[in-house]
Amino acid sequence: MIAETIAQLRQDIGDVIDPARRGPVVLDRYFPEFNLRHFAVPQLSIGRVVEHLLREGNAIDDLGDPARKLAGFLFFAGRAGTAFINADEPLTRRRFSAAHELGHAVLHRQSMGNYLAEDLIDDADEAESQREREANAFAAELLMPEEICRERAKELKSQYGACPRGVLAYRLASELLVSKQAMDYRLRKLEVGHA
Amino acid sequence: MRDGTAADRFFRTYQAQFVGATPVQPFVPPPDADDESTEEATPQIDRTVEMPEAYWKAIALTEQPANENEIPKRFIDGSQKGEPVLCIRSPQGYPIPMVLSEVGAVALESVGRTFERKFVALERVLTFYADPFPWEEVEALSLDLLNRPELKLRILPAAPPDFSKHSPFDYEAMRSQAHNRAQREMEMMERLALASAKDVPTLVDGPIHRVTSKPGAKLLVGVVKTHPTNYLHDQGWRTLLNLKPGQRTPVFRYESGGTGGGNLPVATWYLKLAGGPRLAPNWGYVRVEVPWGQFVERGKDFGFIDRLSRWLIDARCRASSYARMPVSLEPIVRAEEALKPLFTPTGLLANRLHRTAGLTEMEWE
């Protein structure tokens, strides 16, 4: 279902997957489609989010303990939304987090209310865990398109006669601007490359 | 003329300046772990494999020739050629070098008395510590540089230096991290070279864990020229420093506790390739590695170690014009020679990048 949602999304914004073109998916293009902006905030916490939202003139309810540390935060005021990610994370992690928040906006907008706060320490209940898994799957599917993974594996195999997963993960991680760990996990799931 | 591309905007926003291969400053930080390394646990060394530690002594090699399955047929070498070509300033003001490199690997196979090139891979990369920059700008830059036919540059985001040891304003620390990341890319190409013919007995320039964590059944030999790690006890050092050409130390077993050694146990020993009155005692020897599993498969046969060592001595480089001759093997020197001419001169690539960035010497001087 997530794969179909993303395929539709790509079609809507005209982002056709072309294996001949190299480089990362332009994630930044997807945010305006959902009236969404993204901000990287150092030491992300409820307090920092509130500060930012008030500064922008938003009327907000009590969001809880200002000291509560966050991994991400998604806020909607009417149809416009803001995704907050932690600026202290490495670039690839920040990008994945942004895609993850976009995933929530696409998949869970109806069920999430005005905001969705994600804690650093995962103590989510079953429903939340399901949502988190879906948002992660969305981010992985969007940033690491299956077609590209398979095509690059094919290229490696035809050019060099081998496609070790570790090597492919390294190359693709830098091309697609994701972490090596995320890439490795994705290739395992897709069963692309050999051990 | 500025063309308003993503690369142009990025370089302009972050005040790109020309830099070159300036001499390394007096304080050079040690390479920090990159993003793929984890904390090293205590390595495990067993120096009693061949004889008790206290009785270590030099072992003279047999003249017996190696069997067909005891010598490598394929030789893998990797290389990285690059230098900082631009320095950008992060939003916090950190000076961040962008290192433009070509990285590659080659595999030669011995066919009769000659070597044939069986594998070659070469790529251009631009390495820098990218974390301080907005991801959407790096995303756009990456797409731009990779799809320009004259450049085809893949961005490699380098890991940060250890900020508990280095200031983020330390240019050398940033440069070192970029260099390490490009080096890692070169190792990936060496891995690919090995994977492309795993059933051929192979020798690699460097430690084995760099090219595989799961060696196949066929012979794999690593020859290490540099020795930053201390594996020896005092008697081991005395033995090593007294080795004469054609002698080796006893075999010991080494297993790294972390990813640095890839948790791949090896049978290893030092072998003196060259010596003479004008060579310092810490020069002229290499450390040889064979996967421990392969050594056990061969019944922990020290005769095999001797015969392989003898073959290595015979294969040593004899060209006195070659600076690293005392620690080099002829097939690896040949591999290097096969790879180097394929590199594009860095100055040429740097010019193309500068043009892409809309930079000209006059504009920025």
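What you see is a predicted model, and the numbers here were worked out from it, not measured in a lab.

What counts, and at which threshold
Residues numbered from 1 in each chain as written. Chains lettered and ligands numbered in written order. Predicted model: local features only at pLDDT ≥ 70, side-chain atom pairs only at ≥ 80, totals over all residues. Heavy atoms only, no water. Pairing = 2+ DSSP bridges. Helix = DSSP H or I, 4+ residues; strand = E, 2+ residues; numbered from the N terminus. Axes fitted to C-alpha atoms, helices over the stretch in contact; angles between N-to-C directions. Contact = heavy atoms within 4.5 Å. 1 Å grid on protein atoms, 1.4 Å probe; cavity = no way out; pocket = protein on both sides within 12 Å on 5 of 7 lines; lining within 4 Å. Points joined across faces, edges and corners; volume = space filled by probe spheres on them. Nonpolar A, V, L, I, M, F, W, Y, C, P; charged D, E, K, R; others polar. Domains from an automatic or database assignment. Buried area = accessible area lost by both parts, 1.4 Å probe. Salt bridge = Lys/Arg side-chain N within 4 Å of Asp/Glu carboxyl O. Phe/Tyr/Trp six-rings, centres within 6.5 Å; stacked < 30°, edge-to-face > 60°. Buried < 20%, exposed > 50% of the residue type's maximum accessible area, 1.4 Å probe, protein only. Lys NZ or Arg CZ within 6 Å of the ring centre and 35° of its normal. Polar contact = N/O pair within 3.5 Å; in protein donor to acceptor, adjacent residues only side chain to side chain. Expected span 1.5 Å × (residues − 1). Arc of directions from axis to C-beta.

**Let's talk about the sheet that holds strand 1 (residues 36–41) of chain A**
All names here are of chain A.
Inference 1: Ordered in space as 1-3-2-4, the four strands form an open sheet in which the pairing is mixed. Only two strands of the sheet have a single partner each, and these edge strands are strand 1 and strand 4 (115–119). Each strand of the sheet is rotated relative to its neighbour by a mean of 10 degrees, with strand direction disregarded.
Inference 2: Both strand 2 (residues 70–77) and strand 3 (residues 80–86) contribute to a ladder of six bridges, which runs antiparallel. The residue bridging Leu 74 from the neighbouring strand is Ala 83, located in strand 3.
Inference 3: Packing of helix 3 (residues 46–55) onto the sheet brings it into contact with strand 1, strand 2, strand 3 and strand 4, and relative to strand 2 it is tilted by some 30 degrees.

**Description of empty space enclosed by the protein**
All names here are of chain A.
Inference 1: Summed over the entire model, instances satisfying the criterion amount to three cavities of 30 Å³ or more.
Inference 2: Estimated volume of the largest cavity: approximately 90 Å³.
Inference 3: Considering the residues around the largest cavity, the lining is formed by Asp 15, Val 16, Ile 17, Asp 18, Arg 21, Arg 22, Gly 23, Pro 24, Val 25, Pro 145, Ile 148 and Leu 176.
Inference 4: Looking at the lining of the largest cavity, its residues break down into seven nonpolar, one polar and four charged.

**Notes on the domain arrangement of chain A**
All names here are of chain A.
Inference 1: Domain boundaries in chain A define domain 1 (2–143) and domain 2 (146–190).
Inference 2: On a C-alpha basis, the centroid separation for the pair domain 1 and domain 2 is 25 Å.
Inference 3: Taken residue by residue, the interface counts 13 residues in domain 1 and eleven residues in domain 2.
Inference 4: Between domain 1 and domain 2, a total of about 1200 Å² is buried, with carbon and sulfur atoms accounting for 55% of that surface.
Inference 5: In terms of surface lost to domain 2, no three residues of domain 1 exceed Pro 19, Arg 22 and Thr 92, which account for 35% of the buried area on that side.
Inference 6: Here domain 1 and domain 2 share two salt bridges between them.
Inference 7: We note a salt bridge from Arg 22 to Glu 155, for which the minimum N-O separation is 2.9 Å.
Inference 8: Residue composition of the side of domain 1 that touches domain 2, grouped by class: six nonpolar, two polar and five charged.

**Focus on the packing of aromatic side chains**
Inference 1: This structure, assessed with the given rule, holds 21 aromatic pairs over all chains.
Inference 2: A ring pair is formed by Tyr 14 of chain B and Phe 133 of chain B, whose centres lie 4.8 Å apart and whose planes are at 75 degrees; its orientation type is edge-to-face. Remark: Phe 133 of chain B occurs in the loop between strand 6 (114–128) and helix 2 (135–146) and Tyr 14 of chain B occurs in the loop between helix 1 (6–13) and strand 1 (17–18); sequence separation between them is 119 residues. In this structure, Tyr 14 of chain B and Phe 133 of chain B share a single accessibility class: buried.
Inference 3: Looking at Arg 109 of chain A, its charged tip hangs above the ring of Phe 76 of chain A, at a distance of 3.9 Å from the centre.
Inference 4: A cation over an aromatic ring shows up here: Arg 298 of chain B above the ring of Phe 304 of chain B, its NZ or CZ 4.5 Å from the ring centre.

**Thoughts on the interface of chain B and chain A**
It is common to report an interface's size as the accessible area lost on association of the parts.
Inference 1: Listed per partner, the contact involves 33 residues of chain B and 30 residues of chain A.
Inference 2: Between chain B and chain A, roughly 2600 Å² of surface is buried when both sides are summed, and carbon and sulfur atoms account for 65% of that area.
Inference 3: Its largest share of buried area at the contact with chain A, chain B owes to Trp 135, Glu 139 and Leu 192 of chain B, together 29% of the area lost on that side.
Inference 4: Counting every contact that joins chain B to chain A gives two salt bridges.
Inference 5: For Arg 171 of chain A, the salt bridge is made with Glu 123 of chain B, and the minimal N-O distance between the two is 3.0 Å.
Inference 6: Applying the counting criterion to the chain B and chain A interface returns ten residue pairs in polar contact (both at pLDDT 80 or more).
Inference 7: Put simply, the parts of the chain that give the side of chain B that touches chain A at least two residues each are strand 6, helix 2, strand 7 (154–157) and helix 3 (171–195) of chain B.
Inference 8: Per-element tally for the side of chain B that touches chain A: the top contributor is helix 3 of chain B, with eight residues.

**A closer look at helix 1 (residues 2–13) of chain A**
Structural remark: α-helix, 3.6 residues per turn; residues separated by three or four positions point the same way.
All names here are of chain A.
Inference 1: Under the 1.5 Å per step criterion, the end-to-end length of helix 1 is 17 Å for twelve residues, consistent within 8% with the ideal 16 Å.
Inference 2: Those residues of helix 1 that sit buried are Ile 2, Ile 6, Leu 9, Arg 10 and Ile 13. Along the axis of helix 1, the buried positions cluster into a sector of 100 degrees, meaning they face one direction only. Exposed positions of helix 1 whose direction lies more than 90 degrees from the buried face are Glu 4 and Gln 11.
Inference 3: Positive phi appears at Gly 14, one or two residues downstream of helix 1, with a value of about 70 degrees.

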